[in-house]
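# Report on the structure
So you can see what is in the structure, the chains are spelled out below.
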Amino acid sequence: MAIEPRWDDKLPSEEMYTRTTTFPGELPNVTGARLAAEEFLLALTRTAPPSAPEHWDDILLVVTELAANAVQYAPGPFELRLRRTFDGVHVTMHDTSTTPPAPRPFHPGRGDGGVGWHLIHTLCDQVSVVVTDKGKDIHVFLPW
């Protein structure tokens, strides 16, 4: 059976299942990032529903946590990229800080955080950080 050439190097999934949104880096942008992720997942669900209902919530929680950390620890804008992969969703958060995230001890009585990075590692299949002289990209892969 002959396969018709596409004449470009994009996979069909890349055309339909990728979204990039840039934010100024202000506190309301945490909600904006969550809403952008929700729009992406809603569009994705129309053709490829999640294999388990909790995958939707896990992705939104991770995006919210990454955006909150970008606002709290990195000055200036951040960029959220969401991409459908073969068996999940690849989320990339780019911010302007060159300091890689690190786990902190959790002290429930103090209310000073310490849960987010642990949560991200628990919910994601893969987590990596790429630091450059202009900031960092945090790559996370979640099941869908």
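Right, let's walk through the structure included here. (Residues numbered from 1 in each chain as written. Predicted model: local features only at pLDDT ≥ 70, side-chain atom pairs only at ≥ 80, totals over all residues. Heavy atoms only, no water.)

### A word on the layout of surface pockets
What counts, and what does not: Cavity and pocket criteria rest on a 1 Å grid covering protein atoms alone: a 1.4 Å probe that fits but cannot get out defines a cavity, protein on both sides within 12 Å along at least 5 of 7 lines defines an open pocket, and an atom within 4 Å of a point defines a lining residue. Grid points are joined across faces, edges and corners, and a volume is the space filled by probe spheres set on the points. Secondary structure elements are taken from DSSP: a helix is a run of H or I of four residues or more, a strand is a run of E of two residues or more, and numbering for both begins at the N terminus.
Put simply, the largest pocket is a space of about 410 Å³. Around the largest pocket, the lining is made up of 22 residues, and of these Asn69, Tyr73, Pro101, Ala102 and Arg104 lie nearest the centre. For the lining of the largest pocket, the secondary-structure elements that each account for two or more residues are α3 (54–73), α4 (116–123) and β5 (135–143). Sort the elements by how many residues they give to the lining of the largest pocket and α3 lands first, with 6 residues.

### Some details on the pairing of strand β4 (residues 126–132)
Selection criterion: The rule for pairing is simple: two strands pair if DSSP sees at least two bridges between them.
Bridge count between β4 and β5: 7 bridges; the pairing is antiparallel. What sits directly across from Gln126, in β5, is Phe141. Joining the antiparallel neighbours β4 and β5 is a turn of 2 residues.

### Here's the deal with the pattern of salt bridges
Basically, it comes down to this: Salt bridges are counted wherever a side-chain nitrogen of Lys or Arg sits within 4 Å of a carboxyl oxygen of Asp or Glu. Between buried and exposed lies partly exposed: a residue is buried under 20% and exposed over 50% of the maximum accessible area for its type, with that area taken using a 1.4 Å probe on protein chains only.
Enumeration according to the criterion identifies 4 salt bridges in this entry. Salt-bridge contacts for Asp137 lead to Arg81; the nearest nitrogen and oxygen are separated by 3.8 Å. Remark: Arg81 occurs in strand β2 (residues 78–84) and Asp137 occurs in strand β5; sequence separation between them is 56 residues. Lys136 is the salt-bridge partner of Asp95, the closest N and O atoms lying 2.9 Å from each other. In this pair, Asp95 sits in strand β3 (residues 88–95) while Lys136 sits in strand β5, placing the two residues 41 residues apart along the sequence. The same class applies to Asp95 and to Lys136, which are both buried. Overlapping salt bridges, with partners in common, bring together Glu79, Arg81 and Asp137 in one network.

### Quick word on the packing of α3 against α4
When two helices pack together, you describe them by how their axes are tilted relative to each other and by the distance separating the axes. Formally: Angular values range over 0 to 180 degrees, each being the angle between N-to-C directions of two axes fitted as lines to C-alpha atoms, with helices fitted over their stretch in contact. Two helices crossing with the near one rotated counterclockwise from the far one by less than a right angle form a left-handed crossing, whereas a clockwise rotation gives a right-handed crossing. Contacts were defined at the residue level, with two residues in contact if any of their heavy atoms lie within 4.5 Å. Residues are sorted three ways: Asp, Glu, Lys and Arg are charged, Ala, Val, Leu, Ile, Met, Phe, Trp, Tyr, Cys and Pro are nonpolar, and all the rest, Gly among them, are polar.
At a minimum axis distance of 10 Å, the contact between α3 and α4 shows a crossing angle of 145°. Between α3 and α4 the crossing geometry is left-handed. Where α3 abuts α4, its residues Asp58, Leu61, Val62, Glu65 and Leu66 lie against Gly116, Leu119, Ile120 and Leu123. Tallied by class, the residues present in the contact of α3 with α4 amount to 6 nonpolar, 1 polar and 2 charged.

### Let's talk about the packing of aromatic side chains
Defined as follows: Think of it this way: a Phe, Tyr or Trp ring, Trp meaning its six-membered ring, pairs with another when their centres are within 6.5 Å, and the plane angle makes it stacked under 30 degrees, edge-to-face over 60, tilted otherwise.
Considering all chains together, one arrives at 2 aromatic pairs under this definition. Measuring from ring centre to ring centre gives 5.1 Å for Phe23 and Phe78, while their planes differ by 25°; the resulting arrangement is stacked. Taken together, the positions of Phe23 in strand β1 (residues 18–23) and Phe78 in strand β2 put the pair 55 residues apart, joining distant regions of the chain.

### Re the side chain of Asp58
Here is the rule we go by: Positive charges come from Lys and Arg alone, negative charges from Asp and Glu alone, with His and the N- and C-terminal ends not counted.
Looking at the secondary structure, you find Asp58 in helix α3. Buried within the structure, Asp58 lacks any salt-bridge partner; Arg34 is the closest side chain of opposite charge, at an N-O distance of 9.9 Å. The contacts of Asp58, once residues within four sequence positions are left out, are Leu123 and Leu142.

### Considering the sheet that holds β2
In spatial order, the strands read β1-β2-β3-β5-β4; together these 5 strands make up an open sheet with antiparallel pairing. Bordering the open sheet on either side are β1 and β4, each of which pairs with just one other strand. Direction aside, neighbouring strands of the sheet carry axes that sit 15° apart on average. Along the sheet, helix α2 (residues 28–47) contacts β1, β2 and β3; its crossing angle with β2, the most-contacted strand, is approximately 15°.

Any functional reading would require information beyond the geometric quantities listed.
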